[in-house]
Amino acid sequence: LYLLFLLAAVAASRDPAASFPALSEIFALAALPLAVLSVRGERQTRRLVDLLLLAATVFALHGLGQYFFGYGDIDRRIRGPFSHYMTFSGVLLVVDLLLVAQLVRPTPRREEDHPCWRVLAHPLFRWTALAAINLALLGSLTRGAWVAVAVAFTGLVLARAPRLLAAYLPAAALLLLLAPVPWVARALSIVDVGDSSNYDRLCMAAAGAQMIAEQPLLGIGPDQVKRLYPLYRHPTAPRFRVPHLHNSFLQLAAERGLLSLVAFGALLAVPVAVAWRGLRAAERAGGGPADLHLGVMAAVLGFAVAGLFENNWGDVEVQRVLLVVLAMPFCLAGEDGDERS
């Protein structure tokens, strides 16, 4: 349905020729069925997560290393090997929540026969990865990712250990005392409506609402927000032009209409529902990949929260990582080749 509505939005666009390149998203979306077809069972899914974790750790260390080359302030944020700091934080966010879920809900795994897989499964590597990834997320100064991690982690705490909520206030106070001043100032600016970036997002939301009101079903056309934004811009908006609306849901509805937004919501919700059933089944059975199912739910929640502040679905690197995560509940439902043999 998502692809059908994409085709319809291109055909109904105010400038179909300019919207036509958006069909390249079809190739990015192929990551989901390819993952389902190529990864089967718990063992292979765990190895897939291990590889994602290894890659994210390398990215995080790359980003942290950029502090030695003049990066780190608001004008030169660390970005790892990516071209933009939001791509960097978006990829780290999704993988970070997969890892956090595994640590919150530890599940015994089959002993690996290859030393490389044993290293990746070792607790020392996983805790080192957790520290590196979260330090890099903090250093990226990406507020949307911070909020997303906080919301998803709170969801995990509510699900597994509600009593830990009592530690939130002293933990926040300790973080404020120990964190660098730029990080603290950046965090406090989240709720500052007078902040130029925050106000600009409100203006973009108002413009997006007008676009949706004019073309509610199929939108104004893929890749048309950037071109037509000046026509809808609020008079007091700080910027005359913007690349996107800094909100994945608003961007999708404005460009492709509410039909695409509903299909996108289902694309996120159905795997989460399958993961929820898998989690309940694993807990009833007293074993199984409960941590992987929990990780899918946490990662999708974090992605959705971050999508309220940035167009992370429109970032192809983040999108592909998320699509692999969305495939995981169906991969876990497959039969592992080693078990078949």
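What you are looking at is a predicted structure, and each value in this text was computed from that prediction instead of being measured.

Caption draft 1: How the structure looks around the pattern of salt bridges. Per the counting criterion, the structure on display carries 8 salt bridges. Its salt-bridge partner being E25, residue R256 comes within 2.8 Å of it at the nearest N-O pair. Here R256 is found in helix α14 (residues 248-256), whereas its partner E25 is found in helix α3 (residues 25-29), with 231 residues between them in sequence. Looking at E25, the relative accessible area reads 9%, which means it is buried. The partner of D50 in a salt bridge is R109, and the shortest N-O contact between them spans 2.9 Å.

Caption draft 2: Main features of the environment of E310. Considering the arrangement of structural elements, one finds E310 in the loop between α16 (290-306) and α17 (316-332). Not counting chain neighbours up to four residues away, the residues in contact with E310 comprise M86, T142, G144, A145, H246, N247 and S248.

Caption draft 3: Region of the structure containing helix α8 (residues 123-139). Spanning 17 residues, α8 covers 24 Å between terminal C-alpha atoms, matching the ideal 24 Å at 1.5 Å per step. Buried residues of α8: F125, R126, A129, L130, A132, I133, A136, L137 and G139, and no others. Those residues of α8 that are buried lie in contact with α5 (41-65), α6 (85-104), α7 (115-121), α9 (143-160) and α11 (181-188). Just beyond α8, the residue with positive phi is L141, at close to 60 degrees.

Conventions used here
Think of each chain on its own: its residues are numbered from 1, step by step along the sequence as written. For a predicted model such as this one, the threshold for reporting local features is a pLDDT of at least 70, and the threshold for listing and counting side-chain atom pairs is 80 or more; totals across whole chains, interfaces and linings nevertheless cover every residue. The side-chain values count all of the structure's non-hydrogen atoms but skip hydrogen atoms and water molecules. Salt bridge, as applied in this entry: a Lys or Arg side-chain nitrogen positioned within 4 Å of an Asp or Glu carboxyl oxygen. Segments assigned H or I by DSSP are reported as helices when at least four residues long, segments assigned E as strands when at least two residues long, and all are numbered from the N terminus. In this scheme, a residue with accessible area under 20% of its type's maximum is buried, one over 50% is exposed, and one in between is partly exposed, where area comes from a 1.4 Å probe on protein chains only. Throughout, a contact is declared for two residues whenever any of their heavy atoms are within 4.5 Å. Take the residue count of a helix, subtract one, and multiply by 1.5 Å to get its expected span.

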